[in-house]
Amino acid sequence: MKPVASVILALRTQLREVFRVSDWQVLLLWSIPAGLLGALATELFRSALFNLERLVLGDGGSLVAISVHLPPWLRVLVPTVGGLLAGALLMLAVARGRTARHAKTDYMEATVLGDGRIPVRLSLIRSSSSLISIASGGSIGREGSMVHLAALCASLLGRLLHFPADRLRLLVACGAAAGVTAAYSAPIAGAFFVAEVVLGSMAMESLGPIMVASVVANITMREFPGYQAPYVMPSFPAVSGVEVLLFAVLGLAIGAASSTFLRGLSSSRRLFDQLALPLPLRLGLGGLVVGLISLWRPEVWGNGYSVVNSVLHSPWSISVLLLVMAAKAIATLSTVGSGAIGGVFTPALFFGCLMGDLFGQAVQLLWPHATSAPFAYAIVGMGAFLAGATQAPIMAILMIFEMTLSYEIMLPLMTACVVAYFVARSANAGSMYDITLFRMAKRDEQLRLRTLHMRDLMQPALTVVQPDTGLEEMSHLFLQYPVKYLYVTDVQGCFLGVVPLAKVSAANGTRDLAQARAAELMVDDISPLTSDMTLTQALQHFIEHHGERLPVIDSLASPVLLGVVNKSTLLATYVQLSE
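I will try to describe carefully the structure that is included in this document.

### Digging into the pairing of strand β2 (residues 485-489)
Thought 1: Counting buried residues in β2 gives four out of five residues, a clear majority hidden from the surface.
Thought 2: With two bridges connecting them, strand β1 (residues 464-465) and β2 associate as parallel partners. What sits directly across from valine 465, in β2, is valine 488.
Thought 3: Each parallel crossover has a hand, and for β1 linked through helix α21 (residues 471-480) to β2 it is right-handed.

Next comes the structure, spelled out in structure tokens:
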């Protein structure tokens, strides 16, 4: 019997020949099973997490509700032991990672920087570590591991079908979009998350299969018994035109807060790295911090779904909101900084909700009859914080819109998200995703390269002679430097012309020219570059010149010789731009 992969490959080839479909159209079809597998992987992780929580902690509802009923000593012990066990598994993953150090473990890296191959055993070990961290109360999101497992399934499907690297990467992106959709019940936002954050492209060739996978994942998840969206959104009120200005102010505040949050994450990671503890002890220490804080505020346990839903549907006092937000911030920084595997997407929504509710209560105290209820600001705050932290405002807008299905939210939501995005970007705090930082650095480098002028690329001119330089000195320069021309300047340093190697060689063999000077052998065959020339203008000169280097003068009005530019340097800059 033929292997399954061979049968599938033969069938794929026959279908392609019969229906004359392109590779991209074939991938559109394969995005359907990728979306289905992504939804199944997400539901499997969700079920495993649910059963582990009930096995260890009992059936008491959300993690926050469970922690409230635990005795104080157990409330500290559970996150600590969970961190130790998760760290032990993570240490095993690190050991295996050294043996496969060329593999891209993260699905974002595999999609953008790798060939789409995600290591199976390493991913399963890391997901198991994440499962233990989350089930034991770690203040981190569960969606990161869900999306990673969905992407892993798509990677395995593409490898089974022997997809080339470019198609395999896109299929992995389809799996990731399915995972985001299944986790948040937001198919449009799931597709745009992968397109905007991971791929950095809205091209239809890639967005089309991703959207198909998202739709399939959403349909599949709705078929599971007991499935419901993580957030239950209240009806959004109508917002007047003047009140939109308040949402812009909210965007300013949350943009600054999201950049502070990102810097806090970086500082927390550095702090735990400086402790130089083994991974189990590091994650155990992070769990201990969460456990100790939960003695004071049990709301820090878990990813915060229950807290956000409570804030959206019932009034919380300003003092309690401030205390919970401060406690959750310390717990999240400790969990993430210790190295626990999980996402910070959901914590970002948590902080945006609480900040928005605080802002809403403040403006209601000032204008009680002219502003919307605090929950309206809480919902918009979720999107704004997400836009600032992920540097993906379109995805953030679409996600909150899909959660509310309210047109009234669009104007204040768009205003707050765009403002928060630009504030966070201006603060140079980066993004919660490394791949976004990589892409931002690459984009900034391309912008820098595009604005380069010849003054930025030139090197010192070492083969310069005066008009009265003799033949012997010119011959020595040609022997010392592998060049075809010497540059002639006057006493003020102004460029006059060039002396070709061919003329000096001819003069050395001619008795009449034995005493020739540079001025007598000089020609003006070369058109120099000016210091303010762009890359494109200089490249045109090199095309006409057919040489390796050209002189650079200050300007045509002031032809002072400043240096030389090599063709290899110019072409290397163009290669960087093309990459």
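### Observations concerning the sheet that holds β2
Each strand in a sheet pairs with its neighbour through backbone hydrogen bonds, running either in the same direction (parallel) or in the opposite one (antiparallel).
Thought 1: Spatially, β1-β2-β3 is the arrangement adopted by the three strands of the open sheet, whose pairing is mixed. Looking at the sheet topology across the chains shown, the edges are occupied by β1 and β3 (495-500).
Thought 2: In the sheet, β2 pairs with β3 via five bridges, with the strands oriented antiparallel. When the bridges of β3 are listed, valine 488 appears paired with glycine 497.

### Quick notes on the packing of helix α8 (residues 165-184) against helix α10 (residues 204-222)
Thought 1: Axis separation between α8 and α10 bottoms out at 8 Å; the angle between their running directions is 40 degrees. The way α8 lies across α10 gives a crossing that is right-handed. Note on element contacts: α10 touches α8 through Glu205, Ser206, Pro209, Ile210, Ala213, Ser214, Ala217, Asn218 and Met221, opposite Leu170, Ala173, Cys174, Ala177, Ala178, Thr181 and Ala182.
Thought 2: In terms of residue class, the contact of α8 with α10 is built from eleven nonpolar, four polar and one charged.

### With respect to the packing of helix α13 (residues 305-313) against helix α15 (residues 345-366)
Thought 1: For the pair α13 and α15, interaxial distance at closest approach is 10 Å and the crossing angle is 25 degrees. Looking at the two axes, α13 sits roughly parallel to α15. Judged by the sense of rotation from one axis to the other, the crossing of α13 with α15 is left-handed. Side by side, α13 and α15 meet where Tyr305, Val307, Val308, Val311 and Leu312 of the first sit next to Thr346, Phe350, Cys353, Leu354 and Asp357 of the second.

### Some points on empty space enclosed by the protein
Thought 1: Throughout the structure, instances matching the rule amount to one cavity of 30 Å³ or more.
Thought 2: Surrounding the largest cavity, Pro79, Gly82, Gly83, Ser133, Ser136, Gly138, Leu283, Gly286, Gly287, Thr335, Ser338 and Ala340 form its lining.
Thought 3: Mapped by element, the contributors of at least two residues to the lining of the largest cavity are α4 (72-99), α12 (279-296) and α14 (318-338).
Thought 4: For the lining of the largest cavity, a count of residues per class yields three nonpolar, nine polar and no charged.

### Section: the packing of aromatic side chains
Thought 1: Applying the stated criterion across every chain yields a total of eleven aromatic pairs.
Thought 2: Where phenylalanine 261 meets phenylalanine 385, the ring centres are 5.7 Å apart and the plane angle is 65 degrees; that geometry is what we call edge-to-face. Placement of phenylalanine 261 in helix α11 (residues 244-275) and of phenylalanine 385 in helix α16 (residues 374-390) is noted, with a sequence separation of 124 residues between them.
Thought 3: Judged by its relative accessible area of 2%, phenylalanine 385 is buried.
Thought 4: Among the aromatic side chains, those forming a connected cluster through ring pairs are Phe261, Phe350, Phe351 and Phe385.
Thought 5: Note that lysine 328 overlies the ring of phenylalanine 350, its terminal NZ or CZ placed 5.2 Å from the centroid.

### Structural notes on helix α18 (residues 410-426)
Thought 1: Taking 1.5 Å per residue, 17 residues should reach 24 Å; α18 reaches 24 Å between its end C-alpha atoms and fits that length.
Thought 2: Along α18, the positions that sit buried rather than exposed are Met410, Pro412, Leu413, Ala416, Cys417, Ala420, Tyr421 and Ala424. The arc that holds every buried residue of α18, seen down its axis, measures 160 degrees, which confines them to one face. When the buried face of α18 is taken as reference, the exposed residues oriented beyond 90 degrees from it are Leu411 and Ser426.

### What about the pattern of salt bridges?
Thought 1: All told, the structure shown has six salt bridges when counted by the stated rule.
Thought 2: Its salt-bridge partner being glutamate 43, residue arginine 46 comes within 3.4 Å of it at the nearest N-O pair. In this pair, arginine 46 and glutamate 43 are both assigned in helix α2 (residues 23-57), three residues apart and thus about one turn of the helix distant.
Thought 3: Note on glutamate 43: relative accessible area 16%, which makes it buried.
Thought 4: As a salt-bridge pair, arginine 297 and glutamate 299 come within 2.9 Å of each other at their nearest N and O atoms. Glutamate 299 shares its class with arginine 297; the two are buried.

### Digging into helix α17 (residues 393-404)
Helical periodicity: at 3.6 residues per turn, an α-helix aligns residues three or four positions apart in one direction.
Thought 1: Helix length check: α17 (twelve residues) gives 17 Å between terminal C-alpha atoms against 16 Å at 1.5 Å per residue, within 8%.
Thought 2: In terms of burial, α17 is a largely internal element, ten of the twelve residues being buried.
Thought 3: Looking at α17, one finds that the buried residues are Pro393, Met395, Ala396, Ile397, Leu398, Met399, Ile400, Glu402, Met403 and Thr404.
Thought 4: Considering only its buried residues, α17 is in contact with α8, α9 (187-199), α15, α16 and α18.
Thought 5: Residue leucine 405 follows α17 closely and has a positive phi angle near 50 degrees.

What counts, and where the lines are drawn
Counting restarts for each chain: residues are numbered from 1 in the order of the written sequence. Local features in this predicted model are restricted to residues of pLDDT 70 or higher, and side-chain atom pairs are both shown and tallied only at a pLDDT of 80 or more, whereas totals for entire chains, interfaces and linings draw on every residue. Heavy atoms throughout the structure, all of them, feed into the side-chain values; hydrogens and water do not. For every residue, the accessible area (1.4 Å probe, protein chains only) is compared with the maximum for its type, and the residue is labelled buried under 20%, exposed over 50%, or partly exposed between those bounds. Secondary structure follows DSSP: runs of H or I at least 4 residues long count as helices, runs of E at least 2 residues long count as strands, and numbering of each begins at the N terminus. Here, a strand pair is defined by DSSP locating no fewer than two bridges between the strands. Seen with its strands pointing away from the viewer, a crossover is right-handed when the path leading from the first strand over the helix to the second is clockwise. Axis angles are defined between N-to-C directions and span 0 to 180 degrees, where every axis is a line fitted to C-alpha atoms and, for a helix, only to the segment in contact. Whether a crossing is left-handed or right-handed is set by the direction in which the near helix is turned from the far one by less than a right angle, anticlockwise for left-handed and clockwise for right-handed. Contacts are assigned to residue pairs that have any heavy atoms within 4.5 Å of one another. Classification used: nonpolar for Ala, Val, Leu, Ile, Met, Phe, Trp, Tyr, Cys and Pro, charged for Asp, Glu, Lys and Arg, polar for all others including Gly. Put simply, angles under 35 degrees are roughly parallel, angles over 145 are roughly antiparallel, angles from 65 to 115 are roughly perpendicular, and the rest are oblique. Space inside and on the surface of the protein is sampled on a 1 Å grid over the protein atoms alone, with a cavity defined as a set of points where a 1.4 Å probe fits but cannot get out and a pocket as an open set with protein on both sides within 12 Å along at least 5 of 7 lines; lining residues have an atom within 4 Å of a point. Grid points are joined across faces, edges and corners, and a volume is the space filled by probe spheres set on the points. When the centres of two rings from Phe, Tyr and Trp lie within 6.5 Å, Trp using its six-membered ring, the rings pair. Their planes under 30 degrees apart give stacked, over 60 give edge-to-face, and anything left gives tilted. By definition here, charges over rings are those cases where NZ of Lys or CZ of Arg is within 6 Å of the ring centre and within 35 degrees of the ring normal. One fewer than the residue count of a helix, multiplied by 1.5 Å, yields its expected span. As used here, the arc is the angular range of directions from the helix axis to the C-beta atoms. What makes a salt bridge here is a side-chain nitrogen of Lys or Arg within 4 Å of a carboxyl oxygen of Asp or Glu, nothing more.

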